[in-house]
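Letter by letter, the chains look like this.
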Amino acid sequence: MFDAMQMEVLFDAARDASHRAYAPYSAFPVGAAILTSSGTIYSGCNVENAAYPVGTCAEAGAIAAMVAQGEQQIAGIAIYGARANPCMPCGACRQRISEFSNPTTVVITQGHDGSLQQHPIAELLPHAFGPRQLASTL
Ligand SMILES: [Zn+2]
């Protein structure tokens, strides 16, 4: 679990990323920031497209940035949506986060009262499908 200072730093990075979101169609800018096990922060924002299904979530952008730099272990991911408290990850992003998580990985969001909250990914995506299921078939 993260302490209050760690949550604030990561959440600030997510909020900063949301300011660069490309969300002209939904007007729902979102930012995400990942802290990896190495201590590095990677951020992403949602990027919409005129062909709506092509758009990507902020979490996907942050994960792509992390993987592109050679890291694959999410310690925590903060998500900020200016128009939603809390701004929880969508189902697809819960699966994306789970792929690079361990039992201590947390998702940090801002609650209705403005306080930061953390949720273990296993609580948001219980009984997740993951690499282990594929390994048993190989
Ligand atoms: Zn998503």
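Report on the accompanying structure. (Residues numbered from 1 in each chain as written. Predicted model: local features only at pLDDT ≥ 70, side-chain atom pairs only at ≥ 80, totals over all residues. Heavy atoms only, no water.)

**With respect to the sheet that holds strand β1 (residues 30-36)**
Step number 1: Strand order in the open sheet formed by 5 strands is β2-β1-β3-β4-β5, with mixed pairing between adjacent strands. Strands with a single pairing partner mark the edges of an open sheet, and in this sheet they are β2 (41-45) and β5 (116-120). Here the strands of the sheet are splayed against their neighbours by 20° on average, with no regard to which way each runs.
Step number 2: Pairing of β1 with β2 involves 5 bridges; the strand directions are antiparallel. Within the sheet, the bridge partner assigned to Ala33 lies in β2 and is Ser43. (Pairing = 2+ DSSP bridges. Helix = DSSP H or I, 4+ residues; strand = E, 2+ residues; numbered from the N terminus. Axes fitted to C-alpha atoms, helices over the stretch in contact; angles between N-to-C directions.)

**Description of the nonpolar core**
One broad trend across soluble globular proteins is that nonpolar side chains are buried collectively.
Step number 1: Residues Ile34, Ile63, Met66, Ile74, Ile77, Ile97 and Val107 are the most contacted members of the largest nonpolar core, which totals 18 residues.
Step number 2: For this core, the elements supplying multiple residues, two or more each, are β1, α2 (58-68), β3 (74-81) and α4 (121-124).
Step number 3: Examining the composition of this core, we find that 4 residues originate from one element, α2, more than from any other.
Step number 4: If near-sequence neighbours (up to four positions away) are discounted, Val107 is found in contact with Ile77, Ile79, Pro89, Ile97, Gln117, Gln118, His119, Ile121 and Leu124.
Step number 5: Judged by nonpolar contacts, the second largest core, of 13 residues, contains Met7, Ala78, Val106 and Leu116. (Core = buried A, V, L, I, M, F, W, Y, C linked by side-chain atoms within 4.5 Å. Buried < 20%, exposed > 50% of the residue type's maximum accessible area, 1.4 Å probe, protein only. Contact = heavy atoms within 4.5 Å.)

**Some details on unusual backbone geometry**
Step number 1: With an omega dihedral of -5°, the bond running from Asn85 to Pro86 counts as a cis peptide bond.
Step number 2: Phi at Ala27 is positive, roughly 55°, even though this residue is not glycine.
Step number 3: Tracing the chain through its elements places Ala27 in the loop between α1 (4-18) and β1.
Step number 4: For Ala27, a relative accessible area of 43% gives the class partly exposed.
Step number 5: A positive phi angle, near 55°, is found at His127, a position not held by glycine.
Step number 6: Structurally, His127 is set in the loop between α4 and α5 (131-135).

**Overview of the coordination of the zinc ion**
Step number 1: Protein coordination at the zinc ion comes from Cys57 (SG), Cys90 (SG) and Cys93 (SG), with a distance range of 2.3 Å.
Step number 2: Here the donor residues of the zinc ion are spaced in sequence according to C-x32-C-x2-C. Of the two residues, Cys57 is situated in the loop between β2 and α2 and Cys90 in the loop between β3 and α3 (91-99); the sequence distance between them amounts to 33 residues.
Step number 3: Taking relative accessible area as the criterion, Cys57 reaches 28% and is therefore assigned partly exposed.
Step number 4: Overall, the relative accessible area of 34% leaves Cys90 in the partly exposed class. (Donors = N, O, S within 2.8 Å, 3.2 Å for Na, K, Ca; no water.)

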